[in-house]
Amino acid sequence: MTFQGEEGIQAPSTAPAGGTVDVSVGPNDSSVEVSSATSDDVTSYDVSPGKTVTIPVPNVPGAIISVSVGKGFAKRIIYIEIVATSP
Amino acid sequence: MHNHLTRALISASVSLAALTAQTYEVVPAAYTANDAISFNWVAGASKNVRQQTLVGATHLSSMVGRSIVAIELRRSAKNEAFAGGSSSLDVKLSISPNAPLDCSSTYANNPGPAPINVFNGTVTFPTSPPVIGPSVSWTTNNVVRIPFTTPFPYSGGTLCIDVIGSPIAGQEVNWWMADAEFEDLPGSTNDLGGGCGNYGGPTSQWANVQRRSLVAGGTARMFAYGTPNGLAIAAIGQKSAVGTPLSLLGFNSPPGCELFLSTLDMLEVRIFAPDTQTPWRGGRADVELKIPGIAAALGLSLTTQWLDWTQSTSSNAIEWTIAPAIPSLDMALVDGDPQEATGNVTVHLAHVIRFEHQ
């Protein structure tokens with residue numbers, strides 16, 4: 001499993017469909033915004049003192065989740081691919 | 001006579017050495033040896049970042065009359081190695097006109113009138129092996145050290161540390177997290193419903209309030225998604241227990257659009273700024289309100305509901321309440337992009353910093 005982190009958000013590049021994924025937040029933002037890569041349904045998750053947010057993963061293998069913090073030039077974003085779990 | 005002179009010279013040398021001896025001060029002092037509860041990234045490690053830290057005078061009394069010659073950030077404890085690299089930093093120190101609870105989100109408002117450029121150059125992020133904690137030593141492998149080329153004489157007051165960092169191509173530091181203290185003082189939010197329109201998914205929840213921004217002395221942050229380049233109106237007031245259909249107020253709104261405000265205390269007009277990175281989310285509008293760091297602000301409740309003027313639709317209304325205690329950290333951090341005039345203010349979260357002074 002590879003981890004991405006150069007955007008100040010650390011998470012694996014893939015996540016199990018129907019499971020969860022942990023996202024660590026480097027900047028001092030108080031929330032992370034999550035949506036599927038083509039959806040206008042944005043969910044905001046609170047960033048606790050440990051700076052790791054557990055995000056539910058939709059049961060849609062092959063879809064992409066966008067995870068972001070901040071806005072404007074300070075916006076940081078990563079993408080996580082949803083993969084099928086082993087039967 | 002000779003022995004008397006020798007003793008006098010030795011005594012004078014010891015006194016001189018004591019006066020110029022390097023000493024260290026860790027802020028907050030509680031984390032001199034042990035890891036704090038949180039972490040925060042460091043300016044310039046992987047992205048262009050500006051970070052201003054305000055350090056309250058209560059932390060620095062032992063440094064009055066002395067000169068600061070370096071600052072250090074220590075890695076956060078984690079069973080994870082941090083790969084090293086380098087970044088380019090420009091660091092200015094000054095005495096801020098603002099106490100930490102009065103910290104402004106506008107960068108230009110926080111430094112004092114005569115900032116001193118104490119460092120401009122390359123800083124090393126060491127490759128740091130895993131440190132489980134709770135103790136984390138200030139050894140070379142655990143520390144990002146900024147040695148000043150110009151000492152900063154500290155004579156009291158709130159210290160403003162203004163850092164602009166840029167990554168160096170080929171030497172980027174993708175994940176090197178510095179220790180930070182985080183006072184857990186969240187406010188609270190309550191979604192009242194009333195949303196409609198093309199954004200926010202099936203429940204039309206296209207507005208948000210960051211509950212951890214609801215801290216006395218901090219900056220309440222609320223935002224909404226809507227028609228890109230369209231007019232966004234944030235209405236703030238007291239909540240209504242019953243929703244009033246927007247159509248009854250003269251708007252050509254679809255069913256489900258209901259106003260959950262009984263008073264209109266504030267109107268903030270914005271534009272839903274288009275987002276080229278995530279265009280599917282819609283444009284985004286933000287409102288930030290400075291919360292006074294006073295007891296009268298504690299527990300204050302208001303409700304925010306947005307109007308997407310283009311669609312004549314309402315967002316979900318969110319009742320928000322300020323946290324019941326004032327942060328005692330006496331530090332503030334403004335974190336953001338150097339191209340922006342403003343950054344994200346936290347008065348509950350700031351780096352653990354070690355000052356070297358003489």
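Structure: see above.
Let me sum up the structure you'll find in this document.

Reading the values: the criteria
Residues numbered from 1 in each chain as written. Chains lettered and ligands numbered in written order. Predicted model: local features only at pLDDT ≥ 70, side-chain atom pairs only at ≥ 80, totals over all residues. Heavy atoms only, no water. 1 Å grid on protein atoms, 1.4 Å probe; cavity = no way out; pocket = protein on both sides within 12 Å on 5 of 7 lines; lining within 4 Å. Points joined across faces, edges and corners; volume = space filled by probe spheres on them. Helix = DSSP H or I, 4+ residues; strand = E, 2+ residues; numbered from the N terminus. Nonpolar A, V, L, I, M, F, W, Y, C, P; charged D, E, K, R; others polar. Contact = heavy atoms within 4.5 Å. Buried area = accessible area lost by both parts, 1.4 Å probe. Salt bridge = Lys/Arg side-chain N within 4 Å of Asp/Glu carboxyl O. Pairing = 2+ DSSP bridges. Axes fitted to C-alpha atoms, helices over the stretch in contact; angles between N-to-C directions. Buried < 20%, exposed > 50% of the residue type's maximum accessible area, 1.4 Å probe, protein only. Core = buried A, V, L, I, M, F, W, Y, C linked by side-chain atoms within 4.5 Å. Polar contact = N/O pair within 3.5 Å; in protein donor to acceptor, adjacent residues only side chain to side chain. Disulfide = S-S within 2.5 Å.

What follows is about empty space enclosed by the protein. Residues and elements named next belong to chain B. A full pass over the atoms with the stated rule returns four cavities of 30 Å³ or more. As for the largest cavity, its lining consists of Val42, Ala43, Gln51, Thr53, Ile71, Leu73, Leu89, Ile146, Ile161, Val163, His351 and Ile353. Elements that contribute at least two residues to the lining of the largest cavity include exactly strand 3 (49-55), strand 4 (66-74) and strand 8 (159-167). Classifying every residue of the lining of the largest cavity by side-chain character gives nine nonpolar, three polar and no charged. In this structure, the second largest cavity encloses a volume near 60 Å³. Along its surface, the second largest cavity is lined by 13 residues, and Arg212, Ser213, Val345, Thr346 and His348 are the ones closest to its centre. When residues of the lining of the second largest cavity are traced back to their parent elements, those giving at least two are strand 12 (219-226) and strand 22 (344-346). Ranked by the residues each element gives to the lining of the second largest cavity, the list is headed by strand 22, at three residues. A per-class count over the lining of the second largest cavity returns three nonpolar, eight polar and two charged.

Attention shifts here to the interface of chain B and chain A. Taken together, the contacts link 49 residues of chain B with 43 residues of chain A. Together, the buried faces of chain B and chain A total about 3500 Å²; carbon and sulfur atoms form 48% of this surface. It is Trp175(B), Trp280(B) and Arg281(B) in chain B that bury the most area against chain A; as a group they hold 20% of the surface buried on that side. Counting the contacts that link chain B with chain A gives six salt bridges.

What follows covers the sheet that holds strand 11 (residues 207-209) of chain B. Residues and elements named next belong to chain B. Strand order across the open sheet formed by three strands is 11-12-17, with antiparallel pairing between neighbours. Only two strands of the sheet have a single neighbouring strand rather than two, namely strand 11 and strand 17 (283-290). Between one strand axis and the next, the sheet turns through 15° on average, direction left out of account.

Moving on to the pairing of strand 9 (residues 76-83) of chain A. Residues and elements named next belong to chain A. Of the strand pairs in this sheet, strand 3 (residues 14-16) and strand 9 are connected by three bridges, and their pairing is parallel. Bridge pairing links Thr14 to Glu81 in strand 9. Pairing of strand 8 (residues 64-69) with strand 9 involves six bridges; the strand directions are antiparallel. Among the inter-strand pairings, Ile65 is bridged to a residue of strand 9, identified as Ile80. Connecting the antiparallel pair strand 8 and strand 9 is a turn made up of six residues, with Gly70 showing a positive phi of about 75°.

Note that Leu349(B) resides in strand 23 (residues 349-351). Judged by relative accessible area, Leu349(B) falls into the buried class, the value being 1%. Taking the C-alpha atoms as reference, Leu349(B) lies 5.6 Å from Glu181(B); in sequence the two are 168 residues apart. Every residue in contact with Leu349(B), bar those within four places of it in the chain, is listed here: Asn28(A), Lys51(A), Ser38(B), Asn40(B), Ala180(B), Glu181(B), Phe182(B), Leu329(B) and Leu333(B).

Residue and element names in this part refer to chain B. Pairing is antiparallel across the open sheet formed by three strands, whose spatial order is 2-9-23. Two strands lie at the open edges of the sheet, namely strand 2 (38-40) and strand 23, each paired on one side alone. Neighbour-to-neighbour, the strand axes of the sheet open up by a mean angle of 45°, direction not taken into account. Both strand 2 and strand 9 (residues 178-182) contribute to a ladder of three bridges, which runs antiparallel. Note that in strand 9 the partner of Phe39 across the bridge is Asp179.

This paragraph deals with the nonpolar core. All names here are of chain B. By size, the foremost hydrophobic cluster in this structure holds 40 residues, and its most contacted members are Ile68, Val91, Leu93, Leu159, Ile161 and Phe355. Looking at this core, the elements that each hand over two or more residues are strand 3, strand 4, strand 5 (85-95), strand 6 (116-125), strand 7 (143-154), strand 8, strand 21 (331-336) and strand 24 (353-357). With five residues, strand 7 is the single largest residue contributor to this core. Look past the residues within four positions of Leu93 in its chain and what remains in contact with it is Ile68, Ala114, Pro115, Ile116, Val118, Phe148, Phe152, Leu159, Cys160 and Ile161. Within the second largest apolar cluster, 22 residues are counted, among which are Ala207, Met222, Ala234 and Ile318.

Moving on: the environment of Lys75(A). Mapped onto the elements, Lys75(A) comes out in the loop between strand 8 and strand 9. Distance from Lys75(A) to Glu7(A), taken between C-alpha atoms, is 9.1 Å for residues 68 residues apart in sequence. Apart from the residues lying within four places of it in its own chain, the contact partners of Lys75(A) are Ser68(A), Val69(A), Gly70(A), Asp275(B), Gln277(B), Thr278(B) and Arg281(B).

Let us now look at the side chain of Gln10(A). Inspection of the secondary structure assignment puts Gln10(A) in strand 2 (residues 9-12). Separated by 3.0 Å, the side chains of Gln10(A) and Glu80(B) make a polar contact.

Residue and element names in this part refer to chain B. Within the structure shown, the criterion is met by one disulfide over all chains. The disulfide partner of Cys196 is Cys257, and the S-S distance across this bridge is 1.7 Å. Its S-S torsion of about 100° marks the bond between Cys196 and Cys257 as right-handed, since a negative value means left-handed. Taken together, the residues span a long stretch of sequence, with Cys196 in the loop between strand 10 (188-193) and strand 11 and Cys257 in the loop between strand 14 (239-245) and strand 15 (258-261) at a distance of 61 residues. Each member of the pair, Cys196 together with Cys257, is buried. A disulfide-free cysteine, Cys103 has its sulfur positioned 7.9 Å from the sulfur of Cys160, the nearest such atom.

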